[in-house]
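Each chain, written out:
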Amino acid sequence: MAVGPWEVVEAPAIPPNAVRSTPLPLRGIAPRGGGKKLAWALQTAPEQVRFFEEYTQQAYPFDKLDLLGAPDFSAGAMENAGLIIYRDAYLLADADSPADKFRGVYNINAHEIAHQWYGDLVTVPWWDDIWLNEAYATWAQAKASLAMKPEYHTDLSALEGRVWAMKSDSLLSTRKVRQPINGEGDIQTAFDGITYQKGAAVLAMFERWVGEERFRAGMRDYLAKRKFGSGSSDDLIATLSAASGKGEHFAKAMRSFLDQPGVPLVQTTLSCRSGKARLDLHQQRYLPYGVMAGESSTWDVPVCVRFGRGKTMDSQCFLLDKADASFDVEGSCPDWYLPNADARGYYRFEMDKPDLARLAAAVSSLAPVEQMTYADALSSAFHRGTLPPGTLLEAVPLLAGSELPQVATALLGDLEWIRENLTDAGVRGQLDAWIAQIYMLRLEQLGWRRQKGEAESVTNLRTRLAELLAMTMRWAPARAPLATQGRQALGLGKEKGVDLSRADPDLLDLALKIAVQEGGETAYAAALTAFEAERDTARRYALLGALGSTRDTVLAARARDYGLGKAVQIGEMRYLYSSQMDEPENREASWNWLSRNFDAYRQRLSPFAQSGLPRSFSTGACSNEDAERVSAFIAPRVDSLIGGDRGLAQTLESIRQCAALRKHIDHSAFGEWVAARGSN
Ligand SMILES: [Zn+2]
């Protein structure tokens, strides 16, 4: 039930089809005055319903479909049967919205609609199987989106999600996909990257291994047997096993990924003798530099390998079900190979050095997802301390030319880490000049505004590059055009009065931040007035981010206090505080502020958000002293945060990992590497 004032928009009913015999009524519901912004969700929901009906061979299971956007709804969205409730900013879009808003609405809608089958038609008996609902919806959303909106390149964003999940899965304090539930904290922290992205990645990996058709047959069978009831992980595994044609191997392999934490690291060596190739594989748990696990783990990993011979490529899968195994490669000896074909495997890999060099030479012939998995192999070696930072960065220009934002920026997370943790002011200046050489011209060519009819990937690349150059690097030539847009939006340019549509919608967040950072008290006051008058949730987020981003000590202190006031809604707070923490100058003062205002801050957090508190105030922390300080303050208060013990353990482990790697790397050798780039 939802209590308004609402505006209800009736869309045409979704016509019957081969699976469903009656029309399905469809409505959108927005806060009054926002009805027009439902058009995109209502226009695209019918094709998603049809897609899932065809995939599952089950008619949409309820009498109607209502999509409702509610202000300050605490989760992103909730798949109530027949009445899906979204945070309004995630459902509403119009011509002034950023391009990625349309993609975002499409994807979240596909996720929630997929839940009408997995989650609602069949649910789970208990919380320890909640991954079934979320992993399915995440995996199915990517499938639907890839089929119907190929221009969104959802395979690439799904892979970004997987890489992100693998990073948290590299912590010793990570959860299992199927984590026992011992209290409310385990429930509230179950909605993380392990449940969604790792769970979806495991489904995608096994789908590739057994083939799409067999997998779909199993999925259909599972729903047909359990509809209007519930099913556990064991039920799903048994049904998929039966359909897989792989017998008990399937069940054992899938369980090895669900019932133990961590990511496998597959180490590979190829040897050739009289034209025939043999591939030696070794597996162990992937752990970053300095981390030791108490016990050794192994998985049953379907390792699918891409082989290149001249201009032809093929792939072959091997089941690695012990620590070490050797396999014969079909066909002649390959010129190169990639140990994760189609990037569908949930594992990281490390290749013998000559093998890696041959792969590096073939990177441009790989599919975009495979280029990203190559980047992840470099990144994982860097975090294990086996690949020097300079060698990692040498791959940046190889990928930077890609048309696809996910590929072109695949190593930027590591580049930012290196920049922040390994450089002093002198080296940083030289490094920035090198980065700007790679990316600045590209950004200028893309221009500072979205063009009519522009591909979404172009818009997305512009936003990512502007974020890197203008915000992270504070590169003056990238900041100037954005500062102008921000001032115009706030009415500080030639035209008076606030009008946020004067800035490019995709660059609005950045433009407002830069205008506030550079505009002192006047710009801060203008953004504050605009925030208090603004009713559109997405624009409120942008304005709060701008207030939080000020680096003026007096204004920053004012912003922190403002975040606890009534004008800022509970779900909006994090936009202000995260943008505070993004600016290194603000971190010390923010931490001190938290230590004085912990109770007031905590009380305003939803149950979902509480376990994230230690991490939110630890951005950039990378020393053992930092870890001690966070621990000394939070540990005595951890019981007051739902799921706080897990949130704290993961935060401390991340900080200590960062510190260990920073200490391990030879800073002066890296300084020389940077200096050599500068003189080229
Ligand atoms: Zn979900």
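One structure accompanies this document, and this report is about it.

### Digging into the overall build of the protein
So, point 1. Tallying secondary structure elements over the protein gives 28 helices and 14 strands in all.
So, point 2. Against the globule reference of 26 Å for 680 residues, the protein gives a C-alpha radius of gyration of 25 Å, in line with a compact fold.
So, point 3. C-alpha extents for the protein along the principal axes are approximately 75 × 70 × 55 Å.
So, point 4. Expressed as a percentage of its 680 residues, the buried residues of the protein come to 56%.
So, point 5. Long-range pairs, those at least 24 residues apart, make up 70% of the contacts in the protein between residues at least 6 apart in sequence.
So, point 6. A total accessible area of about 27300 Å² is found for the protein, and carbon and sulfur atoms account for 52% of it.

### Describing the coordination of the zinc ion
So, point 1. Binding of the zinc ion to the protein goes through H111 (NE2), H115 (NE2) and E134 (OE), at separations of 2.0 to 2.1 Å.
So, point 2. The buried category is assigned to H111, whose relative accessible area is 9%.

### Digging into the pairing of strand β8 (residues 264–273)
So, point 1. As paired elements, β8 and strand β9 (residues 276–285) share ten bridges and run antiparallel to each other. If you follow V266 over to β9, its bridge partner there is Q283.
So, point 2. Two successive antiparallel strands, β8 and β9, enclose a turn made up of two residues, where S274 displays a positive phi of approximately 35 degrees.
So, point 3. One ladder, built from four bridges, connects β8 with strand β14 (residues 348–351); its direction is parallel.

### Topic: the sheet that holds strand β13 (residues 336–338)
So, point 1. A sheet is described by the order of its strands in space; here three strands give the open sequence β11-β10-β13, paired in antiparallel fashion. Strands with a single pairing partner mark the edges of an open sheet, and in this sheet they are β11 (312–320) and β13. For this sheet, the mean angle separating the axes of adjacent strands, direction not counted, is 25 degrees.
So, point 2. In this sheet, β11 lies alongside strand β10 (residues 301–309) in antiparallel orientation, the contact comprising nine bridges. What sits directly across from R309, in β11, is T312.

### Thoughts on the packing of aromatic side chains
The geometry of an aromatic ring pair is captured by the separation of the ring centres together with the interplanar angle, meaning the angle of the planes.
So, point 1. As enumerated under the stated definition, the model contains 35 aromatic pairs in all.
So, point 2. Ring centres of Y106 and Y152 lie 5.8 Å apart, and the angle between their planes is 75 degrees; this geometry places the pair in the edge-to-face category. Of this pair, Y106 sits in helix α3 (residues 99–115) while Y152 sits in the loop between α4 (130–148) and α5 (154–169), placing them 46 residues apart in sequence.
So, point 3. Residue classification places Y152 among the buried residues on the basis of a relative accessible area of 7%.
So, point 4. On the numbers, 5.5 Å between centres and 65 degrees between planes, the contact of W139 with F215 is edge-to-face. Of this pair, W139 sits in helix α4 while F215 sits in helix α8 (residues 212–226); the two residues are 76 residues apart in sequence, bridging distant segments of the chain. Per residue, the accessibility class of W139 equals that of F215, and both read buried.

### Considerations on helix α7 (residues 193–210)
So, point 1. End to end, α7 covers 25 Å across 18 residues, agreeing with the expected 26 Å (1.5 Å per residue, within 8%).
So, point 2. For α7, the buried fraction is high: 15 of the 18 residues fall into the buried class.
So, point 3. The N-capping residue of α7, defined by a side-chain oxygen 3.1 Å from the backbone nitrogen of I194, is D192.
So, point 4. Residue G211 follows α7 closely and has a positive phi angle near 100 degrees.

### Overview of the sheet that holds strand β2 (residues 24–31)
So, point 1. Strand order in the open sheet made by the five strands is β1-β2-β3-β5-β4, with mixed pairing throughout. Two strands bound the open sheet, and with one partner strand each, they are β1 (6–14) and β4 (77–78).
So, point 2. Where β2 meets strand β3 (residues 65–70), four bridges bridge the pair, whose relative direction is parallel. Paired with I29 across the two strands is L68, which belongs to β3.
So, point 3. Across the sheet, helix α1 (residues 39–56) is in contact with β1, β2 and β3; its angle to β2 comes to roughly 145 degrees.

### A look at the side chain of Q406
So, point 1. Structurally, Q406 is set in helix α15 (residues 405–408).
So, point 2. Of the residues examined, Q406 reaches a relative accessible area of 3% and is grouped as buried.
So, point 3. Apart from the residues lying within four places of it in its own chain, the contact partners of Q406 are H153, L156, S157, E160, M372, N460 and R464.

### So, the nonpolar core
So, point 1. Ranked by size, the top nonpolar core spans 158 residues in total, and within it L67, W139, F206, M219, M254 and L393 carry the most contacts.
So, point 2. Counting residues per element, this core draws most heavily on α7, at ten residues.
So, point 3. In terms of nonpolar packing, the next biggest core, distinct from the first, is built from 47 residues, L508, A530, L544 and L605 among them.

### Topic: the state of the cysteines
Cysteine pairs can be linked by a disulfide, which is a covalent bond between their two sulfur atoms.
So, point 1. In this structure the tally under the stated criterion is three disulfides.
So, point 2. The partner cysteine of C272 in its disulfide is C333, sulfur to sulfur 1.3 Å. Within this pair, whereas C272 is found in strand β8, its partner C333 is found in the loop between β12 (324–329) and β13, the two being separated by 61 residues in sequence.
So, point 3. Assessed through its relative accessible area of 43%, C272 is described here as partly exposed.
So, point 4. Linked covalently through their sulfurs, C304 and C317 form a disulfide whose S-S length is 2.1 Å. Linking C304 and C317, the disulfide has an S-S dihedral of approximately 105 degrees and is accordingly described as right-handed. Separated by 13 residues along the polypeptide, C304 in strand β10 and C317 in strand β11 bring together distant segments of the chain.
So, point 5. For C304, a relative accessible area of 5% translates into the label buried.
So, point 6. Bonded cysteines in the protein are paired 1-4, 2-3, 5-6 when counted in the order they occur along the chain.

### Side note on unusual backbone geometry
So, point 1. For Q57, which is not glycine, the phi torsion reads 60 degrees and is therefore positive.
So, point 2. Inspection of the secondary structure puts Q57 in the loop between α1 and β3.
So, point 3. In this model, D342 sits at a positive phi of 60 degrees, which is unusual for a non-glycine residue.
So, point 4. By the element assignment, D342 lies in the loop between β13 and β14.
So, point 5. Residue D342 is classed as partly exposed on the basis of its relative accessible area, which comes to 30%.

### Looking at the pattern of salt bridges
So, point 1. A complete count under the given rule lists 46 salt bridges for this structure.
So, point 2. Across the salt bridge formed by R27 and D66, the nearest N and O atoms sit 2.8 Å from each other. Highlighted residues: R27 in strand β2 and D66 in strand β3, separated in sequence by 39 residues.
So, point 3. Connected through salt bridges with shared partners, the residues D129, R178, D234, R255 and D259 form a single ionic network.

### Describing helix α22 (residues 553–562)
So, point 1. Inspection of α22 places L555, A556, A559, R560 and Y562 among the buried residues, and these make up the whole buried set. The arc enclosing the buried residues of α22, seen along the axis, measures out at 160 degrees, which places them on a common side. Structural note: α22 exposes T553 and V554 on the side pointing more than 90 degrees away from its buried face.
So, point 2. Its buried side turned inward, α22 meets α20 (508–533), α21 (537–548), α23 (573–582) and α24 (587–603).
So, point 3. Between the side-chain oxygen of the N-cap and the backbone nitrogen of V554 there are 2.9 Å, and the N-cap of α22 in question is D552.

Cut-offs used in this document
- Residues numbered from 1 in each chain as written.
- Predicted model: local features only at pLDDT ≥ 70, side-chain atom pairs only at ≥ 80, totals over all residues.
- Heavy atoms only, no water.
- Helix = DSSP H or I, 4+ residues; strand = E, 2+ residues; numbered from the N terminus.
- Rg over C-alpha atoms; globule rule 2.2 N^0.38 Å.
- Buried < 20%, exposed > 50% of the residue type's maximum accessible area, 1.4 Å probe, protein only.
- Contact = heavy atoms within 4.5 Å.
- Areas by Shrake-Rupley, 256 points an atom, 1.4 Å probe, with all protein chains shown as cover.
- Donors = N, O, S within 2.8 Å, 3.2 Å for Na, K, Ca; no water.
- Pairing = 2+ DSSP bridges.
- Axes fitted to C-alpha atoms, helices over the stretch in contact; angles between N-to-C directions.
- Phe/Tyr/Trp six-rings, centres within 6.5 Å; stacked < 30°, edge-to-face > 60°.
- Expected span 1.5 Å × (residues − 1).
- Polar contact = N/O pair within 3.5 Å; in protein donor to acceptor, adjacent residues only side chain to side chain.
- Core = buried A, V, L, I, M, F, W, Y, C linked by side-chain atoms within 4.5 Å.
- Disulfide = S-S within 2.5 Å.
- Salt bridge = Lys/Arg side-chain N within 4 Å of Asp/Glu carboxyl O.
- Arc of directions from axis to C-beta.

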